[in-house]
Amino acid sequence: MQLLDEEQLKALLAHELSHYLFYKLENGEYEITQRIILALANDSRSEDSIIETARIFQLYLELFCDAGAFKSCREHYTVIQMLIKLNTGLSEVNAQSYLDQAKEIINQDDEAANQQTHPESYIRSIALDLKARNSREYQQELHKLIEGKWDVNSLDIFEQEKTRALTNDLIQLILRPHWMNSSAVINLAQQFFTNFKKEKEVKTTTLLERLKHTTPSTKSYLSYVLLDFARIDSTLEKLPIAHTLEVAELLGLIEEYERVLRKELKLTVRSFKDLKQEAMNDLSRLNENQDNSIYDNE
């Protein structure tokens, strides 16, 4: 009561009433979902993906309630001031200055996709600003702001499923040439997915779009998948190395994949260059038809 002025108090009440509204939506199904997620996250046996799911769910819930406060006040600076005052205990807050600071810090950290370590108040303030500006890309920007880049080290349960699907797409791409479909290679694919079946066509554009927003750890994971298939069948000699290098080039993973190859095969820069040249020469001698191409048909 001492910290907030009349409009900021109105924003606080609207925010809290929005929690009540949220629990009543869809006959209370969102409240049930929240209770299940939080119960799972508070269980010591739960995996990190469950905890990450709970974190994201709670953050989206707070943004929903902030939107309710904004709808009531019709002025996002008031809501930001209310948030910062309650978080810090400061009696005076410059909303625009705080917003500028939040944007600067998050933009600086964008390459590291470090959203998880950003203060929640930064994210909520920027989300309010996007809402106030009625951004056409509001949902897209919100997703990027909260969930960040594709990071295999911090997946929620939904991102886990997407990662499985994209890993399957990558393996389908690796197995596109007929000569790559040896027993050893197929067996490896089935170790990734028990019910693995080769599909006739996989759109590389899906993978390319997803890989635009990827952390170094995810690129490393995908590079090791490529390495597994490059080395599983010695009877294919150097061909799989050349083929997986082409796949890495197509997907923008070439720098990371070459680093992984050099490290795991214990090669010097010179010896790796020689191996790569030999492998590419062997691959170019293969008479591949269109079905063997890793590129999408237009």
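Residues numbered from 1 in each chain as written. Predicted model: local features only at pLDDT ≥ 70, side-chain atom pairs only at ≥ 80, totals over all residues. Heavy atoms only, no water.

Draft legend 1. A look at the confidence of the model for the protein. Overall, the predicted model of the protein reaches an average pLDDT of 88, with 92% of residues at or above 70. Per-residue pLDDT stays below 50 along residues 111-115; that stretch engages in nine contacts with residues further than four places along the chain or on separate chains. (pLDDT = per-residue confidence, 0-100. Contact = heavy atoms within 4.5 Å.)

Draft legend 2. Here's a closer look at the environment of Glu 31. Residue position: Glu 31 is located in helix H2 (residues 29-41). For Glu 31, a relative accessible area of 22% translates into the label partly exposed. In sequence terms Glu 31 and Glu 75 are 44 residues apart; their C-alpha atoms lie 28 Å from each other. (Helix = DSSP H or I, 4+ residues; strand = E, 2+ residues; numbered from the N terminus. Buried < 20%, exposed > 50% of the residue type's maximum accessible area, 1.4 Å probe, protein only.)

Draft legend 3. Broad picture of helix H13 (residues 254-264). Listing the buried residues of H13 in full gives Ile 254, Glu 256, Tyr 257, Glu 258, Val 260 and Leu 261. The inward-facing, buried residues of H13 abut helix H11 (216-231), helix H12 (239-251) and helix H14 (269-284). Of the residues flanking the end of H13, it is Lys 266, one or two places downstream, whose phi is positive at about 55°.

Draft legend 4. The arrangement of the packing of aromatic side chains in detail. This structure, assessed with the given rule, holds six aromatic pairs. With a centroid separation of 6.1 Å and an interplanar angle of 65°, the aromatic rings of Phe 22 and Tyr 23 are classed as edge-to-face. For Phe 22, a relative accessible area of 8% translates into the label buried. Here the aromatic rings of Phe 22 and Tyr 30 are separated by 5.3 Å at their centres, their planes lie at 25°, and the arrangement is stacked. Take Tyr 30: its relative accessible area is 36%, and that puts it in the partly exposed class. Over the aromatic face of Phe 272 sits the side chain of Arg 262, whose NZ or CZ is 5.7 Å from the ring centroid. (Phe/Tyr/Trp six-rings, centres within 6.5 Å; stacked < 30°, edge-to-face > 60°. Lys NZ or Arg CZ within 6 Å of the ring centre and 35° of its normal.)

Draft legend 5. Layout of the packing of H12 against H13. Where H12 meets H13, the closest approach of the two axes is 8 Å, and the angle between their N-to-C directions is 150°. Residue-level inspection shows Ile 241, Thr 244, Leu 245, Ala 248 and Glu 249 of H12 in contact with H13, the latter providing Ile 254, Tyr 257, Glu 258 and Leu 261. Tallied by class, residues from the contact of H12 with H13 come to six nonpolar, one polar and two charged. (Axes fitted to C-alpha atoms, helices over the stretch in contact; angles between N-to-C directions. Nonpolar A, V, L, I, M, F, W, Y, C, P; charged D, E, K, R; others polar.)

Draft legend 6. Just the environment of Ala 189, in detail. Structurally, the position occupied by Ala 189 is in helix H9 (residues 183-192). Put simply, Ala 189 and Asp 228 are 39 residues apart on the chain and 9.8 Å apart in space, counted from C-alpha to C-alpha. When residues no more than four places from it in sequence are discounted, the contact partners of Ala 189 are Ile 171, Leu 175, Phe 196 and Phe 229.

Draft legend 7. Main features of the pattern of salt bridges. Taken as a whole and assessed by the stated rule, the structure comprises 17 salt bridges. Among the ionic pairs, Glu 62 bridges to Arg 124, the shortest N-O distance being 3.6 Å. Taken together, the positions of Glu 62 in helix H3 (residues 48-73) and Arg 124 in helix H6 (residues 120-132) put the pair 62 residues apart, joining distant regions of the chain. Both residues of the pair, Glu 62 and Arg 124, count as buried. Its salt-bridge partner being Glu 278, residue Lys 238 comes within 3.5 Å of it at the nearest N-O pair. Pair noted here: Lys 238 is in the loop between H11 and H12 and Glu 278 is in helix H14, with a separation of 40 residues, a long-range link. Of the residues examined, Lys 238 reaches a relative accessible area of 28% and is grouped as partly exposed. (Salt bridge = Lys/Arg side-chain N within 4 Å of Asp/Glu carboxyl O.)

Draft legend 8. Quick peek at the nonpolar core. In terms of nonpolar packing, the biggest core is built from 40 residues, with Leu 170, Leu 175, Leu 226, Phe 229, Leu 251 and Tyr 257 touching the most fellow members. At the level of secondary structure, the elements contributing two or more residues to this core comprise helix H8 (157-174), H9, helix H10 (204-211), H11, H12, H13 and H14. With eight residues, H12 is the single largest residue contributor to this core. Leave out the neighbours within four places in its chain, and Phe 229 touches Ile 171, Ile 174, Leu 175, Met 180, Val 185, Leu 188, Ala 189, Phe 192 and Pro 240. Residues Leu 4, Val 93, Leu 128 and Leu 145 belong to the second largest nonpolar core, which totals 30 residues. (Core = buried A, V, L, I, M, F, W, Y, C linked by side-chain atoms within 4.5 Å.)

Draft legend 9. Spatial organisation of the state of the cysteines. Overall, the coordinates contain zero disulfides when judged by the stated rule. Free cysteine Cys 65: the closest other cysteine sulfur is in Cys 73, separated by 14 Å. (Disulfide = S-S within 2.5 Å.)

Draft legend 10. Layout of a positive patch on the surface. A contiguous patch of positive charge on the surface is contributed by Lys 10, Lys 71, Arg 74 and Lys 131. When you line up the elements, Lys 71 lands in helix H3. What makes Lys 71 exposed here is its relative accessible area of 68%. (Patch = residues over 30% accessible without salt bridge, like charges linked within 9 Å, V, L, I, M, F, W, Y side chains within 5 Å. Areas by Shrake-Rupley, 256 points an atom, 1.4 Å probe, with all protein chains shown as cover. Lys, Arg positive; Asp, Glu negative; His and termini not counted. Charge placed at Lys NZ, Arg CZ, Asp CG, Glu CD.)

Draft legend 11. Quick look at helix H7 (residues 138-147). All of the buried residues along H7 are Tyr 138, Leu 142, Leu 145 and Ile 146. One side of H7 holds all its buried residues, which, seen down the axis, span an arc of 85°. Its buried side turned inward, H7 meets H3, helix H5 (95-108) and H6. Positive backbone phi, approximately 65°, marks Gly 148, located one or two places after H7. (Arc of directions from axis to C-beta.)

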